[in-house]
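Residues per chain, in single letters:
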Amino acid sequence: KANSLGYWYRKRRFSVLLTFTTSKFLSAPETPTIDQAYSKISNSITVEWATVPGATSYLLRAEDGDTVIETMVASSPGTVTGLKAATLYQITIRSISATGRSQASPPKQAKTVLAAPILEVSSPSPDSILVQWEAVYMAIGFSVSIMQANGLGKIWKENTTNTSLTFSNLNAGTLYTIKAYAWNAKGIPGDDSTCNQRTSPHAPANIQVSFDSGALKASISWTPTEGAFNYTAMALSDSSELSCSTTVSSCSISSLQCGAEYLISVLASNNAGFSKSSSTQSLKTVACAPGRVTIQEDPPGHLSVAWSNVDLGDYYVAFVKSDDGLEVHCNTSLTQCNFLSECGFTYFISVFAYNKAGQSPLGDVFNYTTAPCCPSDINPVLVSSDRVEIIWSPVRGAEFYETKAIAGYSVVECNDTAPACTLSALECDTKYNVTVYSFSEVQSSNMSCTSRFITTAPCSPEIKNISMDAFSTINVRWQATNDDAIYTVTAQGERGLYRCSSKGEACTMGGLPCGSVFSVTAVAETEIGRSLPSYSVPLETVPCCPAGLTITQVTQSVINVSWTFDTVAQTYVTVLESHIGQSKCHTHQSHCLLGCITCGINYTVALKAISASGLTSDCTYQTYFSSACCPLGVKLYRLGSNGIRIHWQVSRGSANYSTDLYGSKGIFTCAPRAGLSFCDVTEIPCGDVYTVMVSPVAETGLKLAFCPKKIYSVTCSGSTLGVGKSFFHG
């Protein structure tokens, strides 16, 4: 620790010695001398001095006992700023160079000048400006001057010990420049203060007012006044105050009240304030729309419109416009008008009041709808037994219709928006009193519509009985319930349409085709119309006799009877009858096989066609002669070297026959002369087996092929033809 203290001491001693030695060779600059110090601005003092050789700058110092303010400057003169106004300061200066700074100069006293007054200016009238300020410290008087800002005209200057001053006889609306300063007891002026002030404008002149009655708007114009930046037009009434502002010489005030009187005035203004109010103009607006409007229709076809009286209303006009565009009006000084009206119209009614300012605003528009008109052209387009369809032309004002049909205690109604109605569930052959009423939601209904009578179509007859006599004539009977009706009976089927008519309760019709099914209906007809058809009654005629009956001999005892098939008949019974006996068959087909037929006998042919319902037609045809009987005992005999005779026995009756021999070497045929029972075949080869058949020949020339066949062997034995054993083949 002792060593440390010794080191510090030696070091400190060396530093002091070094400083002393350096200062001995580098001297500070000379001390400057202040020539003068003065104040021209209340917050600064300017100092002047002689230049010090080698000095690079100077340090100015101002002290007032409370504060010290220093300022570094480069050369003389120098100014210390940030000082207090009207305050005595001690001023010193030091010169500064690279070698240091000098000692402070001898002090010199200087006092800052008075502060500038803070001005408040206004223009209380178009020809004056009032200048006001607060007291300035150390001031004993003030000097105030005024001139036009554009430099024209003279300068007014006033001295005063007061803190306000008024300049009069100035030009209105003109911009002036005001300058003021204070002085102290020595007469030294302080800082000055400058500001501009414009005098307020004169009131606008030549006020013109026009009124727009439709928009309730006043358009106001005036002559521009000098120096006015803005204008305000005002409209004042007992209950409201309205205004508009503008930079030009006209403006409009909207939303004026109807039935009111306004006083119109205009003010001009600039940054100095408002002018005096101009002379007022009186404006009476249009009257308000009349209220408490009442509309009555008494009697129908006459409208009475009444309303209340309104202020400022000189006379009234009531307008009545129908919904078809037609408009009428009346002009009156009273409070009521009368108009003619028609049914089914909606009338739009408005009432206006008038005065010199014009027409009142549109008030409430009232509408009054008269009762809808009545349909007058009721036409039945369809009349049936239980239903009537009627139409009519649409009528004005009708939104829907009610149709009533009354017959005694029976009432049928229908409601619809369309000009048509279908009355259903009516009684047939009945007279109804039909009325169509028109309705609207606004005026309810028109119950004064006239009616007309409509009679329904006749009632449907009821078929009681249908009968058919032996000549296929149809007799139809029904129950008649209508007066003066003609009844028509119709039989309709696939094979035609047949009718008969009568005013009574029965009619007959003939010529209906056989084998047909008909639907029989009856209708009644009057001058009103036709009834609905009666319930249909089925009618079936007897089946037709088949055409084209054909009988074919199948065998000697069996024949086939066929005919044209008829779809109506369900079964057929065929009968062949002779003196020997009868053969019968029952079938649902179109042919029938009958056995036990005796050959060579004349038969009568009969056929019954039976329908599904059991109706029967007895059909007779021409007689049938059964085929000739087949021959018996057929034998062959040789005739010479190469001929054969075929011989047979006739069993019953007389017939023509034909003989055929069939062999491997050919077919050989012969036919006997009339009345013979044999025939000869010549040039027949021997040594062959032949099938021999002798057949009766029908009148048509057709050979019957159902007779038995025999086989013979023909041998060659010298000069004699051998007849072999016969074989029956069949």
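Going by the annotation in an unreviewed UniProt entry, the name recorded for the protein chain is Fibronectin type III domain containing 7, with Cavia porcellus given as the source organism.

**A word on the overall build of the protein chain**
From N to C terminus, the protein chain includes 1 helix and 62 strands. For a compact globule of 730 residues, the expected C-alpha radius of gyration is about 27 Å, and the protein chain comes in at 76 Å, more than 25% above that figure. Considered along the principal axes of its C-alpha atoms, the protein chain spans approximately 215 × 115 × 60 Å. The buried share among the 730 residues of the protein chain stands at 40%. For the protein chain, the proportion of contacts with a sequence separation of at least 24, taken over those separated by at least 6, is 57%. When the accessible surface of the protein chain is summed, it comes to about 39,700 Å², and 51% of that surface belongs to carbon and sulfur atoms.

**Some words on unusual backbone geometry**
Of the consecutive residues Ser 76 and Pro 77, the connecting peptide bond is found in the cis state with omega at -10 degrees. Within the secondary structure layout, Pro 77 lies in the loop between β4 (68-73) and β5 (78-81). Backbone geometry places Asp 484, a non-glycine residue, at a positive phi of 55 degrees. Residue position: Asp 484 is located in the loop between β41 (474-479) and β42 (486-493). Given the relative accessible area of 77%, Asp 484 is considered exposed. Positive phi values are uncommon outside glycine, yet Glu 683 reaches one of about 55 degrees. Along the polypeptide, Glu 683 turns up in the loop between β58 (678-682) and β59 (688-697). A relative accessible area of 56% places Glu 683 in the exposed class.

**Thoughts on the nonpolar core**
The tendency in soluble globular proteins is for nonpolar side chains to be buried side by side. Core analysis: the biggest nonpolar cluster contains 21 residues, and Ile 220, Trp 222, Ala 233, Ile 253, Leu 256 and Val 266 have the highest contact counts within it. Among all residues touching Trp 222, those that are not within four sequence positions of it are Pro 204, Ala 205, Asn 206, Ile 207, Tyr 231, Ala 233, Thr 246, Val 248, Ser 249, Ser 250, Cys 251 and Val 266. Ranked by size, the runner-up nonpolar core spans 20 residues in total, among them Cys 421, Leu 423, Leu 426 and Val 436.

**Details of the state of the cysteines**
Under the criterion given, the structure shown has 14 disulfides. Covalently, Cys 374 is tied to Cys 449 through a disulfide, its sulfur atoms 2.0 Å apart. For the disulfide bridge between Cys 374 and Cys 449, the dihedral angle about the S-S bond is near -80 degrees, and by the sign convention the bridge is left-handed. Of this pair, Cys 374 sits in the loop between β31 (366-369) and β32 (379-383) while Cys 449 sits in the loop between β38 (444-446) and β39 (451-455), and the two are 75 residues apart along the sequence. Bridging Cys 500 to Cys 507, the disulfide has an S-S length of 2.0 Å. An S-S torsion of about 45 degrees defines the bridge between Cys 500 and Cys 507 as right-handed.

**Notes on the pairing of strand β55 (residues 643-649)**
Here strand β54 (residues 632-639) runs beside β55; their pairing, made up of 6 bridges, is antiparallel. Residue pairing across strands places Lys 635 opposite His 647, the latter belonging to β55. Two successive antiparallel strands, β54 and β55, enclose a turn made up of 3 residues, where Gly 640 displays a positive phi of approximately 75 degrees.

**Side note on the sheet that holds β41**
If you trace the 3 strands from one edge of the open sheet to the other, you get β40-β41-β44, paired in antiparallel fashion. With partners counted over all chains shown, the strands left at the sheet margins are β40 (462-468) and β44 (506-509), one partner each. In this sheet, adjacent strand axes meet at a mean angle of 20 degrees when their direction is disregarded. Strand direction decides the pairing type here: β41 and β44, joined by 4 bridges, are antiparallel. In the sheet register, Ile 474 faces β44, and the bridge partner there is Met 509.

**Comments concerning the UniProt feature "domain: Fibronectin type-III" (unreviewed entry) in the protein chain**
Per the UniProt entry, the sites bearing "domain: Fibronectin type-III" (unreviewed entry) are residues 115-203, 289-373 and 374-459 in this numbering. As annotated, residues 115-203 has a helix share of 0% and a strand share of 55%, and its two end C-alpha atoms lie 39 Å apart. The distance separating the terminal C-alpha atoms of residues 289-373 is 33 Å; by composition the span is 0% helix and 52% strand.

**Overview of a nonpolar patch on the surface**
A cluster of nonpolar residues, Phe 348, Leu 362 and Val 365, forms a patch on the protein surface that exposes about 280 Å² of accessible area. Residue placement: Val 365 occurs in the loop between β30 (358-359) and β31. The class of Val 365 is partly exposed, set by a relative accessible area of 45%.

**Description of the environment of Thr 598**
You can see Thr 598 is positioned in the loop between β51 (591-594) and β52 (602-611). For the pair Thr 598 and Val 558, spaced 40 residues apart in the sequence, the C-alpha separation amounts to 8.8 Å. If near-sequence neighbours (up to four positions away) are discounted, Thr 598 is found in contact with Ile 580, Tyr 603, Ser 626 and Arg 652.

**Quick word on the side chain of Ser 627**
If you trace the backbone, Ser 627 turns up in the loop between β53 (616-625) and β54. Excluding residues that lie within four positions of it along the chain, Ser 627 makes contacts with Gln 553, Cys 599, Gly 600, Leu 704 and Phe 706.

**Observations concerning the packing of aromatic side chains**
Following the criterion strictly, the structure yields 14 aromatic pairs and no others. With a centroid separation of 5.7 Å and 80 degrees between ring planes, the pair formed by Phe 319 and Phe 352 is classed as edge-to-face. Residue Phe 319 is located in strand β26 (residues 315-322), and its partner Phe 352 is located in strand β29 (residues 346-355); the two are separated by 33 residues in the primary sequence. Across the pair, exposure class does not vary: Phe 319 and Phe 352 are buried alike. For the ring pair Phe 668 and Tyr 690, a centre distance of 6.1 Å and an interplane angle of 65 degrees mean the geometry is edge-to-face. Note that Phe 668 is positioned in strand β57 (residues 666-670) and Tyr 690 in strand β59, a separation of 22 residues in sequence. Looking at Tyr 690, the relative accessible area reads 0%, which means it is buried. In this arrangement the basic side chain of Lys 431 is found over the ring face of Phe 453, its NZ or CZ atom lying 5.7 Å from the centre.

**Describing the sheet that holds strand β33 (residues 388-391)**
Spatially, β32-β33-β36 is the arrangement adopted by the 3 strands of the open sheet, whose pairing is antiparallel. Across the chains shown, the open sheet's two edge strands, defined by having one partner strand only, are β32 and β36 (420-423). The sheet shows a mean angle of 20 degrees between the axes of neighbouring strands, taken without regard to direction. Looking at chain direction, β33 and β36 are connected through 4 bridges and run antiparallel. Paired with Ile 391 across the strands is Ala 420, a residue of β36.

**Considerations on the pairing of β41**
Here β41 shows a clear split, with Ile 474, Val 476 and Trp 478 buried on one side and none of Asn 475, Arg 477 and Gln 479 buried on the other. Note that β40 and β41 share 6 bridges and pair antiparallel. In the sheet register, Glu 462 faces β41, and the bridge partner there is Gln 479. In this structure, the hairpin formed by β40 and β41 is closed by a connection of 5 residues, where Ser 472 is found at a positive phi of approximately 60 degrees.

**Some remarks on the pattern of salt bridges**
Evaluation of the coordinates by the stated rule reveals 11 salt bridges. With a shortest N-O distance of 3.4 Å, Arg 396 and Glu 342 are connected by a salt bridge. Of the two residues, Arg 396 sits in the loop between β33 and β34 (400-407) while Glu 342 sits in the loop between β28 (336-340) and β29, which places them 54 residues apart along the sequence. Two residues, Lys 404 and Glu 413, come together in a salt bridge whose shortest N-O distance is 3.7 Å. Lys 404 sits in the partly exposed class, given a relative accessible area of 25%. Linked through salt bridges whose partners overlap, the residues forming this network are Arg 61, Glu 63 and Glu 70.

Thresholds, definitions, all that
- Residues numbered from 1 in each chain as written.
- Predicted model: local features only at pLDDT ≥ 70, side-chain atom pairs only at ≥ 80, totals over all residues.
- Heavy atoms only, no water.
- Helix = DSSP H or I, 4+ residues; strand = E, 2+ residues; numbered from the N terminus.
- Rg over C-alpha atoms; globule rule 2.2 N^0.38 Å.
- Buried < 20%, exposed > 50% of the residue type's maximum accessible area, 1.4 Å probe, protein only.
- Contact = heavy atoms within 4.5 Å.
- Areas by Shrake-Rupley, 256 points an atom, 1.4 Å probe, with all protein chains shown as cover.
- Core = buried A, V, L, I, M, F, W, Y, C linked by side-chain atoms within 4.5 Å.
- Disulfide = S-S within 2.5 Å.
- Pairing = 2+ DSSP bridges.
- Axes fitted to C-alpha atoms, helices over the stretch in contact; angles between N-to-C directions.
- UniProt positions renumbered as here; feature names shortened; annotations may be inferred.
- Patch = residues over 30% accessible without salt bridge, like charges linked within 9 Å, V, L, I, M, F, W, Y side chains within 5 Å.
- Salt bridge = Lys/Arg side-chain N within 4 Å of Asp/Glu carboxyl O.
- Phe/Tyr/Trp six-rings, centres within 6.5 Å; stacked < 30°, edge-to-face > 60°.
- Lys NZ or Arg CZ within 6 Å of the ring centre and 35° of its normal.

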